[in-house]
Amino acid sequence: MKQILVIGAGPAGMMAAIRAAENGAAVTLLEKMKRPGRKMMITGKGRCNVTNDADSDAFFKNIPRNPRFLYSCYAAFDNAALMKRIEDAGVKLKVERGGRVLPQSDKASDITKALERMMSKSGVRVCLRSKVKEILPSDGGFDLCLPGQT
């Protein structure tokens, strides 16, 4: 079984860990803070601006530099797919002025909890208060140096 380590439990790290685990990998997620998704709690004034409901043309039109960089990612997993995943995880969403998508509850914690449930369900091992000091190449992979290690 492939082993994957994800560093950082922000929204991207959590989603990457979830997808890797769903695809059969043994996934460990390291986060230096005491809980995952901490910065997500401040987006949208504490309500968590999840995404935008714009169509692909409008979406890419609003990316200031090099939107082509995101074409393949967007084709594989667009804003509609993200909204469906969040709603399937039990969080009702709403669309506000400007196409902003937020949890109906206006609580960012609902999104964080949904991602935590998704990680748990897919078998992601989460290690909190685990700060990575250094990543060192080794034979066929990498070694991590955590604070306090030499």
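Before reading further, recall that the structure is shown in the block above.
Predicted model only: the values in this text are computed from it and were never measured.

Undergrad: Would you mind showing me how to read a positive patch on the surface here?
TA: Taken together, the side chains of Lys32, Lys34, Arg35, Arg38, Lys39, Arg129 and Lys131 define a basic patch exposed on the protein surface. With respect to the element layout, Lys131 can be found in the loop between β6 (125-127) and β7 (134-138).

Undergrad: It is not clear to me how the sheet that holds strand β5 (residues 100-103) should be interpreted in this structure. Could you clarify?
TA: Two orientations exist for strands paired in a sheet by backbone hydrogen bonds: parallel and antiparallel. Ordered in space as β3-β5-β4, the 3 strands form an open sheet in which the pairing is antiparallel. Strand pairing shows two members of the sheet lacking a second neighbour, β3 (51-52) and β4 (93-95), which therefore form its edges. As paired elements, β4 and β5 share 3 bridges and run antiparallel to each other. Paired with Leu93 across the two strands is Pro103, which belongs to β5.

Undergrad: How should the environment of Leu93 be read in this particular structure?
TA: Structurally, the position occupied by Leu93 is in strand β4. By relative accessible area, Leu93 is classed as buried at 12%. The sequence separation of Leu93 and Pro103 amounts to 10 residues, and the corresponding C-alpha distance is 4.4 Å. Contact partners of Leu93, with chain neighbours within four places excluded, come to Val50, Met83, Ile86, Glu87, Val101, Leu102, Pro103, Gln104 and Ile111.

Undergrad: Looking at this structure, how should I read the side chain of Glu31?
TA: Position of Glu31 among the secondary structure elements: in the loop between β2 (26-30) and β3. The charged side chain of Glu31 is buried without a salt bridge, its nearest counter-charge being Lys32 at 6.6 Å. At 2.6 Å, the side chain of Glu31 forms a polar contact with the backbone nitrogen of Ala9. In this structure, Glu31 is in contact with Gly8, Ala9, Gly10, Cys127, Leu128, Arg129 and Ser130, ignoring residues within four places of it in sequence.

Undergrad: Honestly, the pairing of β5 in this entry has me stumped. Any pointers?
TA: Working note: regular strand, side chains alternate between the two faces of the sheet. Both β3 and β5 contribute to a ladder of 2 bridges, which runs antiparallel. Residue Thr51 lies in a different strand from β5, and its bridge partner there is Val101. In this antiparallel pair of consecutive strands, β4 and β5, the connection spans 4 residues, and Gly98 shows a positive phi of 80°.

Undergrad: I'm lost on the sheet that holds β6 in this one. Help?
TA: Strand order in this open sheet of 3 strands is β1-β2-β6, and the pairing throughout is parallel. The open sheet has two free edges, formed respectively by β1 (3-7) and β6, since each of these has just one partner strand. If you compare each strand with its neighbour and ignore which way they point, the axes differ by 20° on average. Where β2 meets β6, 3 bridges bridge the pair, whose relative direction is parallel. Note on β6: the bridge partner recorded for Thr28 is Arg125. Together, β1 and β2 form the strand contacts of helix α1 (residues 11-22), whose direction differs from that of β2 by roughly 165°.

Rules used throughout
- Residues numbered from 1 in each chain as written.
- Predicted model: local features only at pLDDT ≥ 70, side-chain atom pairs only at ≥ 80, totals over all residues.
- Heavy atoms only, no water.
- Patch = residues over 30% accessible without salt bridge, like charges linked within 9 Å, V, L, I, M, F, W, Y side chains within 5 Å.
- Areas by Shrake-Rupley, 256 points an atom, 1.4 Å probe, with all protein chains shown as cover.
- Salt bridge = Lys/Arg side-chain N within 4 Å of Asp/Glu carboxyl O.
- Lys, Arg positive; Asp, Glu negative; His and termini not counted.
- Charge placed at Lys NZ, Arg CZ, Asp CG, Glu CD.
- Helix = DSSP H or I, 4+ residues; strand = E, 2+ residues; numbered from the N terminus.
- Pairing = 2+ DSSP bridges.
- Buried < 20%, exposed > 50% of the residue type's maximum accessible area, 1.4 Å probe, protein only.
- Contact = heavy atoms within 4.5 Å.
- Polar contact = N/O pair within 3.5 Å; in protein donor to acceptor, adjacent residues only side chain to side chain.
- Axes fitted to C-alpha atoms, helices over the stretch in contact; angles between N-to-C directions.

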